Amino acid sequence: MINKDMIIADILKVNMGVVPILLNAGMHCIGCPSAQGESLAEACMVHGIDVDSLVDTINEFLANVEPAEQA
């Protein structure tokens, strides 16, 4: 489970399947240096994205992924 205060790079370490979710939300900075130290909330603020909705979408995805796929 992720939260809005997590660093984007740490979220990607949980499951790389989150990348398409972030891209579809309009967050195209996955590989940029800011992703290494920026929280999801900070990135959403910059990009005008509803962080709570995005967190819900990511956590819903993670809840439906097989445990072996999350490592």
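Each chain has its residues counted from 1, following the order in which its sequence is written. Side-chain atom pairs in this predicted model are given and counted only at pLDDT of 80 or more, local residue features only at pLDDT of at least 70, and totals for whole chains, interfaces and linings cover all residues. Heavy atoms throughout the structure, all of them, feed into the side-chain values; hydrogens and water do not.

1. Thoughts on the environment of Cys29
We apply this condition: Put simply, DSSP H or I for four residues or longer makes a helix, DSSP E for two residues or longer makes a strand, and each gets a number counted from the N terminus. Whether a residue is buried, partly exposed or exposed follows from its accessible area with a 1.4 Å probe, protein chains only, as a fraction of its type maximum: under 20%, in between, or over 50%, in that order. Here, two residues are considered to be in contact whenever any of their heavy atoms come within 4.5 Å of each other.
With respect to the helices, strands and loops of the structure, Cys29 is situated in the loop between α2 (19-25) and α3 (40-47). Here Cys29 falls in the buried class, since its relative accessible area comes to 12%. Apart from the residues within four sequence positions on either side, Cys29 is in contact with Ala35 and His47.

2. Details of the pattern of salt bridges
Formally: Salt bridges are identified by distance alone: a Lys or Arg side-chain nitrogen within 4 Å of an Asp or Glu carboxyl oxygen.
Scanning the entire structure with this criterion turns up one salt bridge. Here Asp10 makes a salt bridge to Lys13, at a shortest N to O gap of 3.7 Å. With a gap of three residues between them, Asp10 and Lys13 both fall in helix α1 (residues 8-14), about one helical turn apart. Judged by its relative accessible area of 36%, Asp10 is partly exposed.

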